[in-house]
Amino acid sequence: MALTGTYVPSATEWVRNNVEEYESSNGEKGGTLPGTNYPVVVITSVGAKSGNLRKNPVMRVERDGAYLAVASKGGAPDNPEWANNFLAHPEVELQDKAEKHTYVARLLEGDERADWWEHAVATWPTYASYQEKTEREIPLFLLERA
């Protein structure tokens, strides 16, 4: 089921530009996080407060058709806004290159979280340094096809 609502682009210029470039080229352009060569996916969520559609490029961490959204925010002391969106409205859309599907996001805990955290760090080692920068446990959301 496609998400409906008004899309409000990010106030952050690089996010807005990255999403626009990614979507308009089916992930052939804008497919990496600025300053890296690591691939991203674009996740559309429903705003927790506004109800508007929000789009964010997120590092591509995938295993067996499920994706992991790591709410690291570069090790900042607070979570990215999209983490609250996932908690309030777990149905999201994920675009990986030209493929776009509906997923359900759920917050991971315990052994399942530990397993996925290990996979995330193996995929993008910088996550380990992000965790070292902050006192909060970085939330991990597993996205599974609806």
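Data block above holds the structure.
One structure accompanies this document, and this report is about it. (Residues numbered from 1 in each chain as written. Predicted model: local features only at pLDDT ≥ 70, side-chain atom pairs only at ≥ 80, totals over all residues. Heavy atoms only, no water.)

1. A look at the sheet that holds strand β6 (residues 99–107)
Right, so step 1: Taking strand neighbours across the sheet as the criterion, the seven strands line up as β2-β1-β5-β6-β7-β4-β3 in an open arrangement whose pairing is antiparallel. Of all strands in the sheet, those with a lone pairing partner are β2 (53–59) and β3 (62–63), marking the two edges.
Right, so step 2: Inspection of the sheet shows strand β1 (residues 40–46) paired to strand β5 (residues 91–96) by three bridges, in the antiparallel sense. If you follow T44 over to β5, its bridge partner there is E93.
Right, so step 3: In this fold helix α1 (residues 13–24) packs onto β1, β2, β5 and β6, with an angle of close to 85° to the strand it touches most, β2. (Pairing = 2+ DSSP bridges. Helix = DSSP H or I, 4+ residues; strand = E, 2+ residues; numbered from the N terminus. Contact = heavy atoms within 4.5 Å. Axes fitted to C-alpha atoms, helices over the stretch in contact; angles between N-to-C directions.)

2. Re the packing of helix α3 (residues 110–123) against helix α4 (residues 126–133)
Packed helices, taken two at a time, are described by their axes: the angle between them and the distance between them.
Right, so step 1: The N-to-C vectors of α3 and α4 enclose an angle of 120°; their axes lie 7 Å apart at closest approach. One element, α3, and the other, α4, form an angle in the oblique class. On the side of α3, the interface is formed by R113, W117, A120 and V121, while α4 contributes Y127, A128 and Q131.
Right, so step 2: The residue inventory of the contact of α3 with α4, partitioned by class, reads five nonpolar, one polar and one charged. (Parallel < 35°, antiparallel > 145°, perpendicular 65-115°, else oblique. Nonpolar A, V, L, I, M, F, W, Y, C, P; charged D, E, K, R; others polar.)

3. Digging into the layout of surface pockets
Right, so step 1: Within this model, the largest pocket holds a volume of roughly 830 Å³.
Right, so step 2: V15, N56, P80, E81 and W82 are the residues nearest the centre of the largest pocket, which is lined by 30 residues in total.
Right, so step 3: Broken down by element, the lining of the largest pocket gets its largest block of residues, six residues, from β2.
Right, so step 4: Of the residues contributing to the lining of the largest pocket, the split by class is 16 nonpolar, nine polar and five charged. (1 Å grid on protein atoms, 1.4 Å probe; cavity = no way out; pocket = protein on both sides within 12 Å on 5 of 7 lines; lining within 4 Å. Points joined across faces, edges and corners; volume = space filled by probe spheres on them.)

4. Examining the environment of S50
Right, so step 1: Mapped onto the fold, S50 is located in the loop between β1 and β2.
Right, so step 2: Residues S50 and A76 lie 26 residues apart in sequence; the distance between their C-alpha atoms is 23 Å.

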